[in-house]
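Letter by letter, the chains look like this.
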Amino acid sequence: MGRMKITVVGAGYVGLVTGACLAEMGNHVMCLDVDQRKIEGLRAGNLSLHEPGLAEIIQRNADAGRLQFTTDAAAAVGHGTLQFIGVGTPPDDDGSADLGHVLAAAANIGRHMTVYKVIVDKSTVPVGTADKVRAVIADCLRDRGIAVDYAVVSNPEFLKEGAAVDDFMRPDRIIVGADDERATQLMRAVYAPFMRNHDKLVLMDVRSAEFTKYAANAMLATRISFMNELALLADKVGADIEWVRRGIGSDPRIGTQFLYAGTGYGGSCFPKDVKALVHTGEINGVSLGVLRAVEAANERQKTVLVDRAVARFGEDLSGRVFALWGLAFKPNTDDMREAPSRVIIEELTRRGASVRVYDPVAMDEARRVLNNLPGITFVANQSAALEGADALLVVTEWKEFRNPDFDFIKATLRQPVILDGRNLYDPALMRSFGIDYAGIGRGTSH
């Protein structure tokens, strides 16, 4: 097949991972973004997000001439037969996905294309978006008074932040929604190198592909909220949710993943996509009650650690100091979007407490998003967070928090209290150290 020319629109999370990994397989990729500063930064080898392995792949392929960055829309449209759209779809005020960026990218393609193009929706977009993209391009071509063939394909991304490069290079499945034979063949050709062992391409109609992305994220969010609700009950009845998790996870129909009780889910996907799916239900007259409950359970879960602190130190936390380990919404990323840490910090400081916070990679991002909150001290390492603190709150399950020096923690805290939002530690071990410990659903909240 030889190397293909591919354009990726959007140099954010999805666009960069897609562009870099496609270039890694020998394709010639041009990445377009309207943000001049971002493009200049990428050309200079600066990556604005933390994603393991991504910077190296970008550098290697840029050096090899397979990966270029541009703000020139006409050049980008001219470059690739395949035009991947990987721009953001932020939630609108009503919870629906805002398609402004996606449709602007489509219009750009419609204004500049002169030969057959396949427009590939990579962003997470509501069911029916491909039709809107198709219509926008048709309008542009009509305005220009020309007729050019094109196809619109849905190819949602299933990238886990913190493991995105690996997910792209070794996918579980590749969903392609297409109704155009030529486009389907091109998509097969692009993805062939990523599935040498066995065919992972699941071909379907466009609307089903768009729906699949939302269904997957909504199911994972549902599992998390389900376990979080059961954890609250486990605390009341004296059961340990960790044993329960192992007990049910061994059933292959249930499986072991996404059964961890904690401080709630965050990030740029689950909250936004559950909201968007609920909204899609509303405008189609179908009330998605299960997903509303998933959202409500998640909101409640974000304040569970605060409730534990209040139970120990009282409603008024003036003069109290809390150490926080972990700020990113999950490990191996610096993403602070919808992070439970933000709600926890807001609630603690609102009650008069001050917080000493540490995260292995999210400190700069945290400073940016928390800059106007009073009472926050950003510290250089996990030990410094403990100094003068009344309790330690574990919020993100970074590996380096898994096996700390408990004698040191006990000696450094004003009181030996650990409120563990990620169930990293064993309650019996904590008791043996003389630490007042509460996890999530460990039957130890009393």
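Details of the structure are given in the entry above.
Residues numbered from 1 in each chain as written. Predicted model: local features only at pLDDT ≥ 70, side-chain atom pairs only at ≥ 80, totals over all residues. Heavy atoms only, no water.

Summing up its helical and strand segments, the chain has 18 helices and 14 strands in all. A globule of 446 residues ought to have a C-alpha radius of gyration of about 22 Å, and the chain, at 24 Å, matches this closely. Overall, the chain is about 75 × 45 × 45 Å in size when its C-alpha atoms are taken along their principal axes. In the chain, which comprises 446 residues, the proportion classed as buried is 55%. Counting only contacts in the chain whose residues sit at least 6 apart along the sequence, the fraction spanning at least 24 positions is 74%. Seen as two clouds, the 51 positive and the 57 negative side-chain charges of the chain have centres 2 Å apart. (Helix = DSSP H or I, 4+ residues; strand = E, 2+ residues; numbered from the N terminus. Rg over C-alpha atoms; globule rule 2.2 N^0.38 Å. Buried < 20%, exposed > 50% of the residue type's maximum accessible area, 1.4 Å probe, protein only. Contact = heavy atoms within 4.5 Å. Lys, Arg positive; Asp, Glu negative; His and termini not counted. Charge placed at Lys NZ, Arg CZ, Asp CG, Glu CD.)

Note that Arg308 resides in helix α13 (residues 304–313). On the accessibility criterion, Arg308 (10% relative accessible area) is buried. Reaching out from Arg308, the side chain makes a polar contact with the backbone oxygen of Gly439 at a distance of 2.5 Å. (Polar contact = N/O pair within 3.5 Å; in protein donor to acceptor, adjacent residues only side chain to side chain.)

We now examine the sheet that holds strand β13 (residues 417–420). Taken in spatial order, the six strands of this open sheet run β11-β10-β9-β12-β13-β14, and their pairing is parallel. On the outer flanks of this sheet lie β11 (376–378) and β14 (436–438), each paired with one strand and no other. Adjacent strand axes in the sheet meet at a mean angle of 20° when their direction is disregarded. When strand β10 (residues 354–358) meets β11, the two strands line up parallel, connected through three bridges. Counted as the bridge partner of Arg356 is Thr377 from β11. Here α13 sits on the sheet in contact with β9 (321–325), β12 (391–394), β13 and β14, set at roughly 155° to β13. (Pairing = 2+ DSSP bridges. Axes fitted to C-alpha atoms, helices over the stretch in contact; angles between N-to-C directions.)

What follows deals with the packing of aromatic side chains. Each pair of aromatic rings is reported with the distance of its centres and the angle of its planes. Tallying each qualifying case throughout the model produces 10 aromatic pairs. Feature note: the residues Phe168, Tyr191 and Phe194 constitute an aromatic cluster, connected by ring pairs. Seen from the ring of Tyr116, Arg182 lies directly overhead, with NZ or CZ sitting 3.6 Å from the centre. The side chain of Arg246 reaches across the aromatic face of Trp243, ending 4.7 Å from its centre. (Phe/Tyr/Trp six-rings, centres within 6.5 Å; stacked < 30°, edge-to-face > 60°. Lys NZ or Arg CZ within 6 Å of the ring centre and 35° of its normal.)

Glancing now at helix α3 (residues 54–63). Taken residue by residue, α3 has Leu54, Ile57, Ile58 and Asn61 as its buried positions. Seen from one end, α3 has its buried residues packed into an arc of 100°, which puts them on one side. Contact partners of the buried residues in α3: α1 (13–24), β3 (67–70) and α7 (164–169). (Arc of directions from axis to C-beta.)

It is characteristic of soluble globular proteins that their nonpolar side chains tend to be buried jointly. Judged by nonpolar contacts, the single largest core of 59 residues is most densely connected at Phe322, Leu348, Leu393, Ile418 and Tyr425. When residues of this core are assigned to their parent elements, the largest contribution, six residues, is made by α13. Ignoring anything within four residues of it in the chain, the contact list for Tyr425 reads Trp325, Val394, Phe401, Arg402, Pro404, Phe406, Ile418, Asp420, Met430, Tyr437 and Arg442. Membership of the second largest hydrophobic core comes to 44 residues, among which are Ala11, Ala20, Tyr116 and Leu186. (Core = buried A, V, L, I, M, F, W, Y, C linked by side-chain atoms within 4.5 Å.)

So, on to the pattern of salt bridges. As enumerated under the stated definition, the model contains 28 salt bridges in all. We note a salt bridge from Asp199 to Arg188, for which the minimum N-O separation is 3.8 Å. Of this pair, Asp199 sits in the loop between α8 (181–191) and β8 (201–204) while Arg188 sits in helix α8, and the two are 11 residues apart along the sequence. Between Asp240 and Arg442 there is a salt bridge, and its shortest N-O distance comes to 2.8 Å. Of this pair, Asp240 sits in the loop between α9 (206–237) and α10 (241–249) while Arg442 sits in the segment after β14, placing them 202 residues apart in sequence. With respect to burial, Asp240 and Arg442 carry one shared label: buried. Here the salt bridges do not stand alone but share partners, grouping Glu315, Glu347, Arg350 and Arg351 into one network. (Salt bridge = Lys/Arg side-chain N within 4 Å of Asp/Glu carboxyl O.)

The N-to-C vectors of α9 and helix α11 (residues 270–283) enclose an angle of 115°; their axes lie 9 Å apart at closest approach. Considered as vectors, α9 and α11 are oriented roughly perpendicular to each other. In this structure, α9 meets α11 at a crossing whose hand is left-handed. In contact with Lys213, Tyr214, Asn217, Ala218, Leu220, Ala221 and Ile224 of α9, α11 contributes Phe270, Asp273, Val274, Ala276 and Leu277. Grouping the amino acids of the contact of α9 with α11 by side-chain chemistry returns nine nonpolar, one polar and two charged. (Parallel < 35°, antiparallel > 145°, perpendicular 65-115°, else oblique. Left-handed = near helix turned anticlockwise from the far one by under 90°. Nonpolar A, V, L, I, M, F, W, Y, C, P; charged D, E, K, R; others polar.)

Across the interface, α1 lies against α3 with an axial gap of 9 Å and an inter-helix angle of 50°. Accordingly, the angle class assigned to the pair α1 and α3 is oblique. Remark: the crossing between α1 and α3 carries left-handed chirality. Every residue of α3 that contacts α1 at Leu16, Val17, Ala20, Ala23 and Glu24 is listed here: Leu54, Ile57, Ile58, Arg60 and Asn61.

Take the state of the cysteines next. Evaluated as defined, the whole model comprises zero disulfides. Here Cys31 is not cross-linked by a disulfide; its sulfur's nearest cysteine counterpart is in Cys21, at 12 Å. (Disulfide = S-S within 2.5 Å.)

Attention shifts here to the pairing of strand β2 (residues 28–32). The buried fraction of β2 amounts to five of the five residues, a majority that puts the element mostly inside the structure. Covered by surrounding structure in β2 are His28, Met30 and Leu32 together with Val29 and Cys31, the residues of both alternating faces. Direction of pairing for strand β1 (residues 5–9) relative to β2: parallel, over a ladder of five bridges. The residue of β2 that forms the bridge with Ile6 is Val29. Traced from β1 through α1 to β2, the parallel crossover comes out right-handed. One ladder, built from four bridges, connects β2 with β3; its direction is parallel. (Right-handed = clockwise from strand over helix to strand, strands pointing away.)

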